[in-house]
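Residues per chain are reported as follows:
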Amino acid sequence: MQNFVFKNPTEIIFGKGTIAQIDARIPRDVPILLTYGGGSIKRNGVYQQVRSALDGREVVEFAGIEPNPQYETCLKAVDLVKSHQVQFLLAVGGGSVIDAAKFIAAAAWYDGPDSWDILRTGGQNVKTAIPLGTVLTLPATGTESNGNSVISRRATAEKLHFYADCAFPMFSVLDPETTYTLPAKQVRNGIVDAFVHVMEQYLTFPTDAPLQDRLAEAILATLIEVGPRTLAQPRDYESRASLMWSATLALNTLISCGVPQDWSTHMIGHELTALYGPAHAETLAVVLPGVWAHQLAKKEAKLRQYGQRVWGVTTVEAAIGRTEEFFHSLDMPTLLSAYQINAEEAAEVVGRRFTKRAVKFGEHEDIDGSAAAAIIRSRA
Ligand code: NZQ
Ligand code: ZN
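In this text, all values refer to a predicted model and were calculated from it rather than measured experimentally. Every residue gets a number counted from 1 within its own chain, in the order that chain's sequence is written. Both sets of labels track the order of writing: A upward for chains, 1 upward for ligands. At least 70 in pLDDT is required for a residue's local features to be given in this predicted model, at least 80 for side-chain atom pairs to be given and counted, and no such filter applies to totals for whole chains, interfaces and linings, which use all residues. Side-chain numbers here rest on the full set of heavy atoms in the structure, without hydrogens or water.

Novice: Tell me about the site of ligand 1, and please be specific about residues and values.
Specialist: Here a residue is near a molecule or strand as soon as one of its heavy atoms is found within 4 Å of it. Within the structure, ligand 1 sits among 32 residues, and Gly38, Ser40, Gly95, Ser96 and Lys159 are positioned closest to it. A distance of 3.0 Å separates an oxygen atom of ligand 1 from a polar side-chain atom of asparagine 146. Under the scheme used here, helices are H or I runs from DSSP no shorter than 4 residues and strands are E runs no shorter than 2 residues, and both carry numbers assigned from the N terminus. Elements that contribute at least two residues to the shell around ligand 1 include exactly α4 (95-108), β6 (148-153), α6 (184-202) and α9 (264-276). Residue ranges assigned to the domains are those given by an automatic or database domain assignment. Each of domain 1 (11-177) and domain 2 (184-377) contributes no fewer than three residues to the shell around ligand 1. Whenever two N or O atoms come within 3.5 Å, that pair is a polar contact, provided that in protein one can donate a hydrogen and the other can accept it, and provided that, for residues adjacent in sequence, both atoms are side-chain atoms.

This is the structure in structure tokens:
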């Protein structure tokens, strides 16, 4: 096992009817910015619960954060934060709203000349941020309990991420009942996103970390069990609750302690979203089997372990096949043709971008521009 530091400062408040508990956790006498997305929280009663918990406080609102949150939108919120001297941010919604809040929190107190540098450098220069809390309404990203944020920029078709210790939320409220109103497609996306998060931290090579392996396998098995049940029985509280907790544990930095990580599926996926528009999880379901096939020899031992322990199959081909079948059973396509994306063209553009940025991803740092292009080409 490699050395590691485990630090997760986010307090999780989990369960039915817990939104009111934000009251005790947010400072009383400072201006607060409440951010949200396109209005789902107004239609399902979450907004009203939040507003009544904030009763008596000075609250400024910023609505309209879009899926794959846009840099330009975030900058408008930063202006609002500055003009109202906001001292606390409350993000209410899915991963996009929370990621945007993290960027707004960092950019508002950033003293460099251009806040896009926060993303260009992956957050290296972010030392402080406005404290933030979240009310999560979509189990998927794990952003409610990590220091990551992913921001898009339409003008340049870029989608970049940053990490900062100070971007961890102080608290996150996870009330599974808020997820009842999610469209099936968002539930499906959430299951696949969480599933692939586990894979990025688990499906690498053996490192004598049996606890991390079994934690990862437990999350995968739980997603396989409760994911389809959530889709079939949308009002089943227990399935909703297990799905929500699984998605948080999949990316709250626990299972990555002391083990190598891949993340090449995500990095290629971000480019596909930025260039062509499919949702985050849609790109992951396409790219993951391609990464596995491309890296088969290097990932063989873990693929075999995964197949045996999670699916009860003995070959790596069966492990990959059962994964694709699982995605298909959720109505999730695994080829680029489902989105009318020309694989040849996408391979060319993404490959060129990786080469120009001189980036190499994967647990062996061998997924460069040409490897990414080959992976994309294999997913036509
Ligand atoms: O905008 P509103 O009206 O709220 O509607 C949203 C949005 O249209 C809707 N929604 C959310 N909760 C709902 C609901 N509709 C009905 N009922 C509810 N309870 O769902 C739509 C999608 O929301 P979004 O926040 O975009 O989805 P998700 O949570 O999947 O977040 C995706 C973003 O997170 C990034 C992705 O790249 C993408 O930009 N990620 C962030 C990560 C992180 N910070 O650690 C890791 C991930 O790998 C990922 O990259
Ligand atoms: Zn993801």
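Novice: Break down the coordination of the zinc ion (ligand 2) for me, with residues and values.
Specialist: Protein coordination of the zinc ion (ligand 2) is provided by Asp193 (OD), His197 (NE2), His266 (NE2) and His280 (NE2), with donor distances spanning 2.0 to 2.1 Å. Donor criterion used throughout: N, O or S atom within 2.8 Å of the metal, extended to 3.2 Å for Na, K and Ca. Water excluded; incomplete-looking sites may result. All donor residues of the zinc ion (ligand 2) come from one chain, and their arrangement in sequence is D-x3-H-x68-H-x13-H. Note that histidine 197 is positioned in helix α6 and histidine 266 in helix α9, a separation of 69 residues in sequence. What makes histidine 266 buried here is its relative accessible area of 4%. We call a residue buried when its accessible area falls under 20% of the maximum for its residue type, exposed when it is over 50%, and partly exposed in between, using a 1.4 Å probe and counting protein chains only.

Novice: How would you summarise the side chain of threonine 273 if you had to cite specific residues and measurements?
Specialist: Within the secondary structure, threonine 273 sits in helix α9. Look at threonine 273 and you get buried, because its relative accessible area is 6%. Any two residues having at least one pair of non-hydrogen atoms within 4.5 Å are treated as being in contact. In this structure threonine 273 touches Asn68, Lys159, Pro278, Ala279, His280 and Thr283, once residues within four positions along its chain are discounted.

Novice: Please provide a residue-by-residue account of a nonpolar patch on the surface, values included.
Specialist: Taken together, the side chains of Met1, Phe4 and Phe6 make up a nonpolar region of the molecular surface, amounting to roughly 330 Å² of accessible area. Taking relative accessible area as the criterion, methionine 1 reaches 56% and is therefore assigned exposed. Like charges within 9 Å and nonpolar side chains (Val, Leu, Ile, Met, Phe, Trp, Tyr) within 5 Å are joined into patches, using only residues over 30% in relative accessible area that form no salt bridge. Note on areas: Shrake-Rupley, 1.4 Å probe, and residue coverage restricted to the protein chains presented here. Note on definitions: salt bridges are taken to be side-chain nitrogens of Lys or Arg within 4 Å of carboxyl oxygens of Asp or Glu.

Novice: Can you explain the nonpolar core? Please cite residues and give values.
Specialist: Working definition of a nonpolar core: buried Ala, Val, Leu, Ile, Met, Phe, Trp, Tyr and Cys residues. They are joined through side-chain atoms within 4.5 Å. Counting residues in each nonpolar core, the largest one holds 61 residues, and the members touching the most others are Phe195, Met199, Ile268, Tyr306 and Phe327. Of the residues forming this core, the biggest block, nine residues, is contributed by α6. Discounting residues that sit within four places of it in the chain, phenylalanine 195 has contacts with Leu220, Leu223, Ile224, Tyr306, Thr323, Phe326 and Phe327. Judged by nonpolar contacts, the second largest core, of 38 residues, contains Ala77, Ile98, Ala106 and Ala108.

Novice: Please give an account of the sheet that holds strand β4 (residues 88-93) that cites residues and values.
Specialist: The rule for pairing is simple: two strands pair if DSSP sees at least two bridges between them. One open sheet holds the six strands; their spatial order is β1-β8-β5-β4-β2-β3, and the pairing between them is parallel. Either end of the sheet is taken by a strand with one partner, and the two such strands are β1 (11-14) and β3 (59-62). Strand-to-strand twist across the sheet, computed as the mean angle between neighbouring axes with direction ignored, equals 15°. Bridge analysis of β4 against strand β5 (residues 132-136) gives five bridges, and the strand direction is parallel. Each residue of the ladder has a partner; that of leucine 90, found in β5, is glycine 133. Note on definitions: angles span 0 to 180 degrees between N-to-C directions of axes, and those axes are lines fitted to C-alpha atoms, for helices only across the stretch in contact.

Novice: Explain the packing of aromatic side chains to me, and be specific about the residues and the numbers.
Specialist: Within 6.5 Å between ring centres, the rings of Phe, Tyr and Trp (the latter by its six-membered ring) count as paired, and their orientation is classed by plane angle as stacked under 30 degrees, edge-to-face over 60, tilted in between. For the structure on display, the rule yields 13 aromatic pairs. Geometry around tryptophan 116 places arginine 153 over its ring, the cationic atom sitting 4.8 Å from the centre. Cation placement over rings: the criterion is NZ of Lys or CZ of Arg within 6 Å of the ring centroid and within 35° of the ring normal.

Novice: Describe the pairing of strand β8 (residues 171-174), with residues and values.
Specialist: Side-chain alternation along β8 places Phe171 and Val173 on one buried face and Ser172 and Leu174 on a second face that is also buried. Pairing between β1 and β8: four bridges, direction parallel. Along β8, the bridge assignment pairs isoleucine 13 with valine 173.

Novice: How would you summarise the environment of cysteine 257 if you had to cite specific residues and measurements?
Specialist: Relative to the elements of secondary structure, cysteine 257 occurs in the loop between α8 (237-250) and α9. Here the alpha-carbon distance between cysteine 257 and alanine 232, two residues 25 residues apart in the chain, equals 34 Å. Look past the residues within four positions of cysteine 257 in its chain and what remains in contact with it is Phe4, Phe6 and Gln212.

None of this, on its own, says anything about what the molecule does.
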